[in-house]
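Read off the chains here:
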Amino acid sequence: VAKTSLTSPPWPEVKLPDPVEEAKYHAEVVRKVNGLISAGEYGRLFAVVHFASKQWKITSEDLIMMDNVLEAECGDRIRMEKVLLVGADDFTLIGRPLLGKDLVRVEATVIEKTESWPKVNVRFWRRHNFQRKKIIANPQTVLRINTIEIYPCLS
Amino acid sequence: MVVLSAARWVRSRLSDRFWRVQEVLKHARHFRGRKNRCYRLAVRSVRRAFVRSTKARREKKRFLRELWITRIEAASLEHGLKYPAFISNLLKSQVELNRKVLADLAIYEPKTFKSLAALAQRRRQEGFLAALGDGKEPEGIFSRIVHHH
């Protein structure tokens, strides 16, 4: 039968790879990544962490400043548990949405608890004799990310 | 004689006018022209500057989100995906990274972003296949052609 414009649908045909072969490929990849992790052949690790209602992309030895109060004293070690993504140069581990606690460990220390610079809030409505001035100094906390570790327990 | 009220020539006069004026002028020192020196002009400029900074703090959040979206769009187009497809398929695969982090990954971790784009593309294709169905007719229908006898 001759091919007309309506023989095949106008969208491109999509074919998924064979599930059996795909399962073998997945198992191979998981084995390789586990091998890399247990051998320790990764450089610097970065992680995406959900902390203080924000997501941060962090590495080791970097500073984070959040605009709120933390109930820990200065010098306390903190473990961040909601890790969304961990990556190195050759592999990335993407969580759906979070990674397991037995897989990643992110440690941080509280360094400083200060207030922000005094921000001035002024509301002014011209010709209406309306002026309000308020000075706000939010409390801030500074954390230093000490280490990010991963353990070879993928499946 | 008994004096019940203060005498008329004793008025209460400001003694710290200098410091009150300096409080306003210190916020105007980096302005251009006479408004960094003259109080009358500086008061108006400083007030407008404060009002603008309050409003800008609310606009900054919108502006930054737009910037992140533009960057993610550019990066996903490099990998052959449009922004709505990318974001929707990432969310459907239960990856809840926000736009700020996605923009940072697109800039500093190109390999990770490529893998996320591949994930989104694969989920998109699976979605298409699921929507198209198996190509069989639905149950309960015995014929598609109506025969009139």
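Cut-offs used in this document
- Residues numbered from 1 in each chain as written.
- Chains lettered and ligands numbered in written order.
- Predicted model: local features only at pLDDT ≥ 70, side-chain atom pairs only at ≥ 80, totals over all residues.
- Heavy atoms only, no water.
- Helix = DSSP H or I, 4+ residues; strand = E, 2+ residues; numbered from the N terminus.
- Rg over C-alpha atoms; globule rule 2.2 N^0.38 Å.
- Buried < 20%, exposed > 50% of the residue type's maximum accessible area, 1.4 Å probe, protein only.
- Contact = heavy atoms within 4.5 Å.
- Areas by Shrake-Rupley, 256 points an atom, 1.4 Å probe, with all protein chains shown as cover.
- Pairing = 2+ DSSP bridges.
- Axes fitted to C-alpha atoms, helices over the stretch in contact; angles between N-to-C directions.
- Buried area = accessible area lost by both parts, 1.4 Å probe.
- Salt bridge = Lys/Arg side-chain N within 4 Å of Asp/Glu carboxyl O.
- Domains from an automatic or database assignment.
- Parallel < 35°, antiparallel > 145°, perpendicular 65-115°, else oblique.
- Left-handed = near helix turned anticlockwise from the far one by under 90°.
- Nonpolar A, V, L, I, M, F, W, Y, C, P; charged D, E, K, R; others polar.

K.L.:
Which residues make up the overall build of chain B, and what values do they have?
P.N.:
Helix and strand counts for chain B stand at five helices and zero strands. When the elements of chain B are put in sequence order from the N terminus, they spell out α-α-α-α-α. The C-alpha radius of gyration computed for chain B amounts to 34 Å, which surpasses the reference 15 Å derived for 149 residues by more than 25%, pointing to a less compact arrangement than a globule. Along the longest, intermediate and shortest principal axes, the C-alpha atoms of chain B span 130 × 50 × 25 Å. Out of the 149 residues belonging to chain B, those deemed buried represent 23%. In chain B, 42% of the contacts between residues at least 6 apart in sequence involve partners at least 24 apart. Accessible surface computed for chain B: about 12100 Å², of which carbon and sulfur atoms make up 54%.

K.L.:
Describe in detail the sheet that holds strand β6 (residues 92–94) of chain A, supporting the description with residues and values.
P.N.:
Sheet architecture is open: four strands sit in the order β2-β1-β5-β6 (chain A), paired in antiparallel fashion. Every interior strand has two partners, whereas the edge strands, β2 (54–59) and β6 of chain A, have only one. With direction set aside, neighbouring strand axes in the sheet form an average angle of 15 degrees. Taken strand by strand, helix α4 (residues 99–108) of chain B contacts β1 (46–51), β2 and β5 (83–87) of chain A, and its axis lies near 25 degrees from that of β2 of chain A. Lying on the sheet, helix α5 (residues 110–132) of chain B is in contact with β1, β5 and β6 of chain A; it crosses β6 of chain A at an angle near 45 degrees.

K.L.:
Describe the interface of chain B and chain A, listing the residues and the values that go with them.
P.N.:
Between chain B and chain A, the contact holds 28 residues from the first and 25 residues from the second. On the chain B side of the interface with chain A, the three residues burying the most area are Arg47, Phe50 and Arg122 of chain B, jointly 19% of the side's total. Our enumeration of links across chain B and chain A arrives at three salt bridges. Between Lys111 of chain B and Asp89 of chain A there is a salt bridge, with the nearest N and O atoms lying 3.0 Å from each other.

K.L.:
Can you tell me about the sheet that holds strand β7 (residues 104–115) of chain A, naming the residues and giving the values?
P.N.:
Residue and element names in this part refer to chain A. Strand order in the open sheet made by the four strands is β3-β10-β7-β4, with antiparallel pairing throughout. On the outer flanks of this sheet lie β3 (63–66) and β4 (77–80), each paired with one strand and no other. Taken over all neighbouring pairs, the strand axes of this sheet differ in orientation by 35 degrees on average, direction set aside. Relative to strand β10 (residues 139–150), β3 runs antiparallel, the two sharing four bridges. Pairing of Ile64 across the sheet is with Leu143, part of β10.

K.L.:
Pulling in residues and values, what's your account of the domain arrangement of chain B?
P.N.:
In terms of domains, chain B is made up of domain 1 (18–58) and domain 2 (64–132). Between the C-alpha centres of domain 1 of chain B and domain 2 of chain B there is a distance of 45 Å.

K.L.:
Break down the packing of helix α2 (residues 39–78) of chain B against α4 of chain B for me, citing the residues and quoting the values.
P.N.:
Two quantities define a packed helix pair, namely the angle between the helix axes and the distance between the axes. All names here are of chain B. The N-to-C vectors of α2 and α4 enclose an angle of 45 degrees; their axes lie 9 Å apart at closest approach. When the axes of α2 and α4 are compared, the pair comes out oblique. Crossing hand, α2 versus α4: left-handed. Of α4, the residues touching α2 (which contributes Arg65, Trp68, Ile69, Arg71, Ile72 and Ala75) are Arg99, Lys100, Leu102, Ala103, Ala106 and Ile107. Class assignment of the residues belonging to the contact of α2 with α4 gives a composition of eight nonpolar, no polar and four charged.

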